[in-house]
Amino acid sequence: MTTARPMKLGMVGLGRMGANLVRRLMRDGHRCVVYDLDETAVRELTGEGAIGATSLEDLVAKLEKPRAVWLMLPAAVVQPTLDELVPLLEPDDTVIDGGNSFYRDDIARAKRLAAQRLHYVDCGTSGGVWGLERGYCLMIGGEDAAVRRLDPVFRTIAPGRGDAEPTPSRTRNGTAPDGYLHCGPSGAGHFVKMVHNGVEYGMMGAIAEGLSIIRHANVGEKGRATDAETAPLRDPEAYQYDIDVADVAEVWRRGSVVGSWLVDLIADALARSPQLDGFEGRVSDSGEGRWTVNAAIDESVPAPVITSALIERFESRGLGHFTDAALSAMRSEFGGHAEKRG
């Protein structure tokens, strides 16, 4: 499709998602001015039809008033970039933060920019490396007028109705079925995206744990130490299954209530490498899970699944080593239990 309302947008940050956002926008007839510290990324998109910029000042100069500048940057880089960008803008220009900034930072930034008659829109963006073709789910916060003005951009970036079945009981109008939603005032978009990512932690953790339990369903076939330091397996005959985990992931994709894009992705990964060679199991967290747990505590909302999934990510990085060492030391002190190695 080609948009009926083409816009000119500045994109700062041309990583995996930023570059593909530009490509999706240009495919639909929008014009993009692009900037990144990596000049190679700028040249690549310029070769595909974007307008390259050599600096933030150059980017702003190449945009039409009222300007719209989309930041697709790590959360830690947003404020320094704003410090450089904002003095270059003029009243009625808009800054969109499409990364994963902390929603409270959005509230403060929107107030500061409003004092200079600038608009600030926070836009939680989900879709990863697949978004160029599938579209990106957008969760948006900001003033009504600023968000309305950017609607052609959001509509292009979002997936649209596509092949998804309509929700049977839904009768209300709105953009949610198209894959983008104005969630509320400043910070609301990133708040919803924050919780979205917390939910993602829990879903990913549950899928991974389930597949691991299936993978170890043959533990009864293996020898087991018989000493005071090893819990006995009471019924070895109950764990004699050699189940193909890759096939389980594949069958779960077909009509299962746990079928999901996450199951699709792990099924594909297991098809390529049934033992997941090349992955050591060190799982990073970029902040959203922590912020979600903090919000749950502030709201007195029980969130044990998300909290547990976050703690497991800490454990995967060895951050619980001292805790484990302390536990081992206490067992040794009170019971003379020798630490088993290997």
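To start, this report covers the structure provided alongside it. (Residues numbered from 1 in each chain as written. Predicted model: local features only at pLDDT ≥ 70, side-chain atom pairs only at ≥ 80, totals over all residues. Heavy atoms only, no water.)

## Regarding the packing of aromatic side chains
Phase 1: Counted according to the given criterion, the structure contains five aromatic pairs.
Phase 2: Seen in terms of ring centroids, Phe102 and Tyr103 are 5.3 Å apart; in terms of plane orientation they differ by 80 degrees. Their pairing is edge-to-face.
Phase 3: For Tyr103, a relative accessible area of 14% puts it in the buried group.
Phase 4: Pairing Tyr103 with Phe191 gives two aromatic rings, centres 4.9 Å apart and planes at 85 degrees, and the pair type is edge-to-face. Placement of Tyr103 in helix H5 (residues 103-114) and of Phe191 in helix H9 (residues 188-215) is noted, with a sequence separation of 88 residues between them.
Phase 5: Judged by its relative accessible area of 23%, Phe191 falls in the partly exposed class.
Phase 6: Among the aromatic residues, ring-to-ring pairing joins Phe102, Tyr103, Phe191 and Trp291 into one connected group. (Phe/Tyr/Trp six-rings, centres within 6.5 Å; stacked < 30°, edge-to-face > 60°. Buried < 20%, exposed > 50% of the residue type's maximum accessible area, 1.4 Å probe, protein only. Helix = DSSP H or I, 4+ residues; strand = E, 2+ residues; numbered from the N terminus.)

## As for the layout of surface pockets
A probe matching the size of a water molecule, rolled over the atoms, marks out where space remains unfilled.
Phase 1: What the second largest pocket holds in volume is close to 280 Å³.
Phase 2: When its residues are assigned to classes, the lining of the second largest pocket shows four nonpolar, three polar and four charged. (1 Å grid on protein atoms, 1.4 Å probe; cavity = no way out; pocket = protein on both sides within 12 Å on 5 of 7 lines; lining within 4 Å. Points joined across faces, edges and corners; volume = space filled by probe spheres on them. Nonpolar A, V, L, I, M, F, W, Y, C, P; charged D, E, K, R; others polar.)

## Brief notes about the sheet that holds strand S8 (residues 180-184)
Phase 1: One open sheet holds the eight strands; their spatial order is S3-S2-S1-S4-S5-S6-S7-S8, and the pairing between them is mixed. Two strands bound the open sheet, and with one partner strand each, they are strand S3 (51-52) and S8.
Phase 2: Relative to S3, strand S2 (residues 31-35) runs parallel, the two sharing two bridges. Bridge assignment links Val33 to a residue of S3, and that residue is Ile51.
Phase 3: Taken strand by strand, H5 contacts strand S5 (94-97) and strand S6 (119-126), and its axis lies near 150 degrees from that of S6. (Pairing = 2+ DSSP bridges. Contact = heavy atoms within 4.5 Å. Axes fitted to C-alpha atoms, helices over the stretch in contact; angles between N-to-C directions.)

## Focus on a nonpolar patch on the surface
Phase 1: On the surface, a nonpolar cluster with roughly 280 Å² of combined accessible area is contributed by Val129, Trp130 and Leu265.
Phase 2: Among the structural elements, Leu265 can be located in helix H11 (residues 261-272).
Phase 3: Take Leu265: its relative accessible area is 30%, and that puts it in the partly exposed class. (Patch = residues over 30% accessible without salt bridge, like charges linked within 9 Å, V, L, I, M, F, W, Y side chains within 5 Å. Areas by Shrake-Rupley, 256 points an atom, 1.4 Å probe, with all protein chains shown as cover. Salt bridge = Lys/Arg side-chain N within 4 Å of Asp/Glu carboxyl O.)

## What about the environment of Gln116?
Phase 1: The topology assignment puts Gln116 in the loop between H5 and S6.
Phase 2: Residue classification places Gln116 among the partly exposed positions, given a relative accessible area of 43%.
Phase 3: Placed 90 residues apart in sequence, Gln116 and Met26 show a C-alpha to C-alpha distance of 30 Å.
Phase 4: Excluding residues within four positions of it along the chain, Gln116 makes contact with Val86 and Pro91.

## Considerations on helix H1 (residues 16-27)
Phase 1: For H1, spanning 12 residues, the distance from its first C-alpha to its last is 17 Å, which sits close to the expected 16 Å at 1.5 Å a residue.
Phase 2: Burial runs high along H1: nine of the 12 residues are buried.
Phase 3: All of the buried residues along H1 are Gly18, Ala19, Asn20, Leu21, Val22, Arg23, Arg24, Leu25 and Met26.
Phase 4: Contacts from the buried residues of H1 go to strand S1 (8-12), S2, helix H2 (39-47), strand S4 (68-71), helix H6 (131-134) and helix H8 (151-157).
Phase 5: Positive phi shows up at Gly29, right after H1, with a value of about 100 degrees. (Expected span 1.5 Å × (residues − 1).)

## Points about the pairing of S4
Phase 1: Neither face of S4 is left uncovered, since the one carrying Ala68 and Trp70 and the one carrying Val69 and Leu71 both have all their residues buried.
Phase 2: Of the pairings in the sheet, the one linking S1 to S4 comprises three bridges and is parallel in character. For Met11, the partnering residue across the bridge sits in S4 and is Trp70.

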